[in-house]
Amino acid sequence: MSISLSSLSLLPLWISMAQIQQGGPDEKEKTTALKDLLSRIDLDELMKKDEPPLDFPDTLEGFEYAFNEKGQLRHIKTGEPFVFNYREDLHRWNQKRYEALGEIITKYVYDLLEKDCNLKKIAIPVDATENEPKSFIFMSEDALTNPHKLMVLIHGSGVVRAGQWARRLIINEDLDSGTQIPFIKRAMDEGYGVIVMNPNENYIEVEKPKIHIQSSSDSSDEPAEKRERKDKISKETKKRHDFYEKYRNPQREKEMMQLYIRENGSPEEHAIYVWDHFIAQSAAENVFFVAHSYGGLAFVELMIQREADVKSKVTAVALTDSVHNVWHQEAGKTIREWMRENCCNWVSSSEPLDTSVESMLPDCPRVSAGTDRHELTSWKSFPSIFKFFTEASEAKTSSLKPALTRRSHRIKHEEL
């Protein structure tokens, strides 16, 4: 029978427990502490001790990857796509490596938004003090002054940040399918102002302050014997804590805590904040939303909180595989009616693009995005979304809004 290194590392604990259990009642407290320690130790966690250091490059060049002329991530030397299983049988280490690369990708996309798309990075809250946590959004130069059209982009939940639809697509496919850049560039070419929300940037992380167990030896009014006993208990407590931490966190990863950003502590809060301080203040007569996945839920929540304002300013909303639910979110009848007339949801489906898809919910029409992959729905429905917005704008201008409500039925008969 083979014994793992993890089991061997616990051997001293088991021996200690056996010895303590032979002692008197004074040892019961130690037994309880050791049992508690054993109950909290995960053998899988112990295997972290055998991992290579979690020390990864902080640049694409350091990873030996770069984006080629097609926007595909490729190894500089071999030309091969990204390899997740860089080290066999070290899934956690490979995942940490992937996450480190993902953070670099996020900064890379931010740079593209500013340099390639000419967007401005705007800090929020707008009245933030110098020392408080901050987030940011991106806007085109004319986002607030364009009198005609404004497009607002909202991504889904998870690790994605402003300018991204899906990190997985950026790394494994290309920049076009995984980022919002094609939407931004086409929107600007067609005369839209642009606002890119950043709904997942809800907090900053700072290192947790270390716990210092203060000695009671400075309590001069206590008897010396009592002070010594307290000091001994304090040292033993610290020793147990350090012993536990050694096994719980063998790589000495930093313990982090979250400081939430004022009025932007969730995607829903963020959507409302950006609406109040930017979109509602814009000059555009026609505002258009593209919202993917959880971004759709955030939009519906915005509508619930700012119904009259949204109805007066928003011309059309393109949802891509939105996870909103008008029943769970308690959207009223007037909101559901407005969504039926002004929204369209491109959902993951094996049917051809724009094929009508039945829905159990009484909200907006649902059509196929032309893919059954959730993360690809925004990219695959890209041309249809711009056509939808053009039709909506024309319908509003000519006061032919009923034509918009029949779009999902027209698609099936006219375009297929």
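Before reading further, recall that the structure is shown in the block above.
To keep things clear, this report deals only with the structure shown in the data block. Bear in mind that the values here come from a model prediction, so they are computed numbers and not experimental data. (Residues numbered from 1 in each chain as written. Predicted model: local features only at pLDDT ≥ 70, side-chain atom pairs only at ≥ 80, totals over all residues. Heavy atoms only, no water.)

**Some remarks on the sheet that holds strand S12 (residues 356–357)**
Ordered by their spatial adjacency, 9 strands build an open sheet running S3-S4-S6-S5-S9-S10-S11-S13-S12, and the pairing between neighbours is mixed. In the strand order of this sheet, the two ends are held by strand S3 (120–124) and S12, each with one partner. In this sheet, strand S9 (residues 286–292) lies alongside strand S5 (residues 149–154) in parallel orientation, the contact comprising 6 bridges. Bridge pairing in S9 places valine 152 opposite phenylalanine 289. Sheet strands in contact with helix H13 (residues 333–342) are strand S10 (314–320) and strand S11 (343–347), and its direction is about 70 degrees off that of S11. Those strands touched by helix H15 (residues 382–397) are S5, strand S6 (192–196), S9, S10 and S11, and its axis lies near 160 degrees from that of S10. (Pairing = 2+ DSSP bridges. Helix = DSSP H or I, 4+ residues; strand = E, 2+ residues; numbered from the N terminus. Contact = heavy atoms within 4.5 Å. Axes fitted to C-alpha atoms, helices over the stretch in contact; angles between N-to-C directions.)

**Details of the packing of aromatic side chains**
Evaluation of the coordinates by the stated rule reveals 21 aromatic pairs. Measuring from centroid to centroid gives 5.7 Å for phenylalanine 136 and phenylalanine 138, while their planes differ by 85 degrees, and the two rings are edge-to-face. With relative accessibility at 0%, the residue phenylalanine 138 sits in the buried group. Taking the centre distance of 5.5 Å and the plane angle of 75 degrees together, the rings of tryptophan 165 and phenylalanine 183 count as edge-to-face. Taken as a pair, tryptophan 165 in the loop between S5 and helix H6 (167–172) and phenylalanine 183 in helix H8 (residues 181–189) lie far apart in primary sequence, 18 residues in all. Grouping residues by exposure puts tryptophan 165 and phenylalanine 183 together as buried. An aromatic cluster is present here, built from Trp165, Phe183, Tyr192, Phe288, Trp346, Trp379, Phe382, Phe386, Phe388 and Phe389 joined pairwise through their rings. Here the guanidinium or amino end of lysine 121 rests over the ring plane of phenylalanine 136, the centre of that ring lying 4.1 Å away. The side chain of lysine 149 reaches across the aromatic face of tyrosine 192, ending 4.1 Å from its centre. (Phe/Tyr/Trp six-rings, centres within 6.5 Å; stacked < 30°, edge-to-face > 60°. Buried < 20%, exposed > 50% of the residue type's maximum accessible area, 1.4 Å probe, protein only. Lys NZ or Arg CZ within 6 Å of the ring centre and 35° of its normal.)

**Description of H15**
Quick reminder: α-helices carry 3.6 residues per turn. Residues three or four places apart thus point the same way. Given a rise of 1.5 Å per residue, 16 residues ought to cover 22 Å, and the 23 Å separating the end C-alpha atoms of H15 matches this to within 8%. Within H15 the residues assigned to the buried category are Phe382, Ser384, Ile385, Phe386, Phe388, Phe389, Ala392, Ser393 and Ala395. (Expected span 1.5 Å × (residues − 1).)

**Quick notes on empty space enclosed by the protein**
This model, assessed by the stated rule, comprises 2 cavities of 30 Å³ or more. Estimates place the volume of the second largest cavity at around 30 Å³. Ile154, His155, Gly156, Ser157, Pro199, Asn200, Pro267, Tyr294, Gly295 and Ala298 are the residues that line the second largest cavity. The element that contributes the greatest number of residues to the lining of the second largest cavity is helix H11 (residues 294–305), accounting for 3 residues. (1 Å grid on protein atoms, 1.4 Å probe; cavity = no way out; pocket = protein on both sides within 12 Å on 5 of 7 lines; lining within 4 Å. Points joined across faces, edges and corners; volume = space filled by probe spheres on them.)

**Focus on the packing of H11 against H13**
As a packed pair, H11 and H13 sit with axes 10 Å apart at the nearest point and diverge in direction by 130 degrees. The orientation of H11 with respect to H13, classified from their angle, is oblique. Crossing of H11 against H13: the hand is right-handed. For the pair H11 and H13, the contacting residues are Phe299, Val300, Met303 and Ile304 in the first and Ile335, Trp338 and Met339 in the second. Residue classes in the contact of H11 with H13 are distributed as 7 nonpolar, no polar and no charged. (Parallel < 35°, antiparallel > 145°, perpendicular 65-115°, else oblique. Left-handed = near helix turned anticlockwise from the far one by under 90°. Nonpolar A, V, L, I, M, F, W, Y, C, P; charged D, E, K, R; others polar.)

**Some words on the pairing of S6**
Along a regular strand, successive side chains alternate from one face of the sheet to the other. Here S6 lies mainly inside the structure; 5 of its 5 residues are buried. With burial as the criterion, each face of S6 is covered, one bearing Tyr192, Val194 and Val196 and the other bearing Gly193 and Ile195. Inspection of the sheet shows strand S4 (residues 135–139) paired to S6 by 2 bridges, in the antiparallel sense. The residue bridging phenylalanine 138 from the neighbouring strand is valine 196, located in S6. Examined bridge by bridge, S5 and S6 share 5 bridges and lie parallel to one another. Opposite leucine 150, over in S6, you have glycine 193 as the bridge partner.

**What to know about H11**
Look at H11: 17 Å from first C-alpha to last across 12 residues, which is about the 16 Å you get at 1.5 Å a residue. Of the residues making up H11, those classed as buried are Gly295, Gly296, Leu297, Ala298, Phe299, Val300, Glu301, Leu302 and Met303. Where H11 is buried, its residues meet S5, helix H10 (267–279), S9, helix H12 (307–313), S10 and H13.

What is shown is where atoms sit, not what they do.
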